[in-house]
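# Tertiary structure, described
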Amino acid sequence: MHSTSDETSHLVDLVLGYSRRRILSDDTPLDKPVSESELRRLAGRTIDEQGIGAARALALFEHVLAPACITTDHPQYLSFIPTAPTKAATAFDLVVSASALYGGSWLEGAGAVYAENEVLSWLGREFGLPSTSGGVFVQGGTLGNLSALVAAREHARHRLAAELAGNLAGDEADAAVPAPPGGRWKIVCSAEAHSSIASAARVMDVDVVPVTPAGDGMLRGDEVRAALEAHGASVFAVVATAGSTNFGIVDDLASIAELKRDFDFWFHVDGAYGLAGMLSPLAHDRFAGVEHADSVIVDPHKWLFAPFDACALIYRDPETGRRAHTQHAEYLDTLTEGGDWSPSDYAAHLTRRARGLPFWFSLATYGGAAYREAISSSIALAQCIADEIDSRDGFSLVRSPQLSVVVFERDGWSKADYDAWSARLLDEQRAFVTPSSHAGRPNTRFAIVNPNTTFEHLVAILDTM
């Protein structure tokens, strides 16, 4: 299995041939899931003691398994938040796998870490963070948010311990275990924050204080102030959203950041989907205040055109992340005792793929201006289709789009109507557009990130309603 031979040469040619066809295809089908029983009938048993051979295994993947997976980079994949990797990013993902790179430490992957850090520095500058900011690429927004909030709680514990040490002496100070007033740490966030914030809180065994935003969905400083006054020093972090998944709404980051003058909390910005919009001159001003964040996340596999999976987690002061996450063991001493930058020290992980490299290669290849243009095209298209929806009888916008998510209703439709329509679209291979809801009312939405999505695509979908 590990030797180089005519057999392995043929195997590699098969895989690269399929990859080439897939990367260069202009008409990859949308495809759709099928039942387990149907897959069992079509694929049969693929694992046995003797092996079925590379040719048969690849044929099963290409003709049976892959068509049972929805194509997430299809221009008419408009549900959840799609992915739309550039050709360069997709191609370089093959290089990363082929190069046997380990991305957890500088000792083992200095070149890869250097390239990833250059991208993180570029993003940090775009977001207005200091030149000393830094972080790591992790799996996705859930792990990015969790890692940032773990660092935030550790920072609060460290601060509280220092205060206790200043008020106590000797053994009493050494024995003090930092705990917040009331015994429970709390996170303040919008009631419309991503589900990963509540998930992180469960993992950390802390409480969430959800704050209901105004009718436009934007969380503002006055609303957060009331929560901070009510819960006091037990709040160790405030999470603002820079582009909510459901609506693409950007919280009022500036007014929330202003509260740091009066309260001591960690300001985290969850920009998994939307913070990439800051690269566009059409939306840049919406993100004023992000430069005051203690940590931010943005997912390149969403609106920065990288393949799955990559979330950029950036700390204002990377030392706060390193202090919270560095793992200690005898076999790791050679890594942790030096001063090198090891990505494993900055999140809740140890082993890691150099998952930022496909984004680095694409950004280095095309340049930042191409990214600004591509992101701007999605924002402009969202506004165009929102105007079209608003002009049609029997259709209603739920909220005007801020970024590239357009949420709307077909007047009089029930959830069952949306379900049937969505299933029909996918069965007919027209589009993947799933139902959603807000405030108990069913609706649907276009999540637009693919530069190949056109106004004509979206109008044709509306016409099916």
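Residues numbered from 1 in each chain as written. Predicted model: local features only at pLDDT ≥ 70, side-chain atom pairs only at ≥ 80, totals over all residues. Heavy atoms only, no water.

### Observations regarding the nonpolar core
The biggest cluster of nonpolar side chains holds 60 residues, and the ones touching the most others in it are Leu123, Phe127 and Phe287. Residues in contact with Phe127, not counting those within four places in the same chain, are Leu275, Met278, Leu279, Val290, Glu291, Val296, Val298 and Ile314. (Core = buried A, V, L, I, M, F, W, Y, C linked by side-chain atoms within 4.5 Å. Buried < 20%, exposed > 50% of the residue type's maximum accessible area, 1.4 Å probe, protein only. Contact = heavy atoms within 4.5 Å.)

### Examining the pairing of strand β3 (residues 207–211)
As paired strands, strand β2 (residues 186–190) and β3 are joined by five bridges and run parallel to one another. Looking across to β3, one finds that Lys186 is bridged to Asp207. (Pairing = 2+ DSSP bridges. Helix = DSSP H or I, 4+ residues; strand = E, 2+ residues; numbered from the N terminus.)

### Some points on the layout of surface pockets
What the largest pocket holds in volume is close to 1600 Å³. Around the largest pocket, the lining is made up of 45 residues, and of these Arg22, Ile23, Thr28, Thr71 and Asp73 lie nearest the centre. Here the lining of the largest pocket gets eight residues from one element, more than from any other, and that element is helix α1 (residues 6–24). Of the residues in the lining of the largest pocket, the class split is 25 nonpolar, 11 polar and nine charged. The computed volume of the second largest pocket comes to approximately 590 Å³. What lines the second largest pocket is a set of 30 residues, and nearest its centre among them are Ile81, His194, Thr245, Asn246 and Lys302. Elements with a minimum of two residues in the lining of the second largest pocket: α6 (141–167), α8 (195–204), α11 (300–303) and β10 (435–438). Of the residues in the lining of the second largest pocket, the class split is 10 nonpolar, 15 polar and five charged. (1 Å grid on protein atoms, 1.4 Å probe; cavity = no way out; pocket = protein on both sides within 12 Å on 5 of 7 lines; lining within 4 Å. Points joined across faces, edges and corners; volume = space filled by probe spheres on them. Nonpolar A, V, L, I, M, F, W, Y, C, P; charged D, E, K, R; others polar.)

### Structural notes on a nonpolar patch on the surface
A surface patch of nonpolar side chains, about 380 Å² in accessible area, is lined by Leu11, Val12, Val15, Leu16 and Leu94. At four residues, the largest contribution of residues to the nonpolar patch is made by α1. Relative to the helices and strands, Leu94 is located in helix α4 (residues 87–98). (Patch = residues over 30% accessible without salt bridge, like charges linked within 9 Å, V, L, I, M, F, W, Y side chains within 5 Å. Areas by Shrake-Rupley, 256 points an atom, 1.4 Å probe, with all protein chains shown as cover. Salt bridge = Lys/Arg side-chain N within 4 Å of Asp/Glu carboxyl O.)

### Some thoughts on the sheet that holds strand β11 (residues 441–447)
Reading across the sheet, the four strands line up as β8-β9-β11-β10 and stay open at both edges, with antiparallel pairing between neighbours. For this open sheet the edge positions go to β8 (395–399) and β10, each flanked by a neighbour on one side alone. Sheet twist, expressed as the average angle between the axes of neighbouring strands with direction ignored, equals 45°. Sitting on the sheet, helix α16 (residues 415–427) touches β9 (405–410), β10 and β11, and the angle it makes with β11 is about 30°. (Axes fitted to C-alpha atoms, helices over the stretch in contact; angles between N-to-C directions.)

### Things to note about the packing of aromatic side chains
For the structure shown, the criterion picks out 15 aromatic pairs. Here Tyr77 and Phe432 contribute two aromatic rings whose centre-to-centre distance is 5.0 Å and whose plane-to-plane angle is 50°, an arrangement assigned as tilted. Of this pair, Tyr77 sits in the loop between α3 (54–65) and α4 while Phe432 sits in the loop between α16 and β10, and the two are 355 residues apart along the sequence. Pair check on accessibility: Tyr77 and Phe432 agree, each one buried. Where Phe92 meets Phe361, the ring centres are 4.3 Å apart and the plane angle is 10°; that geometry is what we call stacked. Linking Phe92 in helix α4 with Phe361 in helix α14 (residues 357–366), this pair joins segments that are 269 residues apart in sequence. Taking the relative accessible area as the measure of exposure, Phe92 reaches 15% and is therefore buried. Positioned above the aromatic ring of Phe247 is the side chain of Arg399, whose terminal nitrogen or guanidinium carbon lies 4.3 Å from the ring centre. (Phe/Tyr/Trp six-rings, centres within 6.5 Å; stacked < 30°, edge-to-face > 60°. Lys NZ or Arg CZ within 6 Å of the ring centre and 35° of its normal.)

### Observations concerning the packing of helix α2 (residues 36–43) against α3
In contact at an axis separation of 11 Å, α2 and α3 are set at 140° when each is read in the N-to-C sense. The angle between the axes of α2 and α3 places the two elements in the oblique class. Here α2 runs over α3; the crossing is right-handed. Only Leu60, Val64 and Leu65 of α3 make contact with α2, whose side of the interface consists of Leu39, Leu42 and Ala43. The residue makeup of the contact of α2 with α3, split by class, is six nonpolar, no polar and no charged. (Parallel < 35°, antiparallel > 145°, perpendicular 65-115°, else oblique. Left-handed = near helix turned anticlockwise from the far one by under 90°.)

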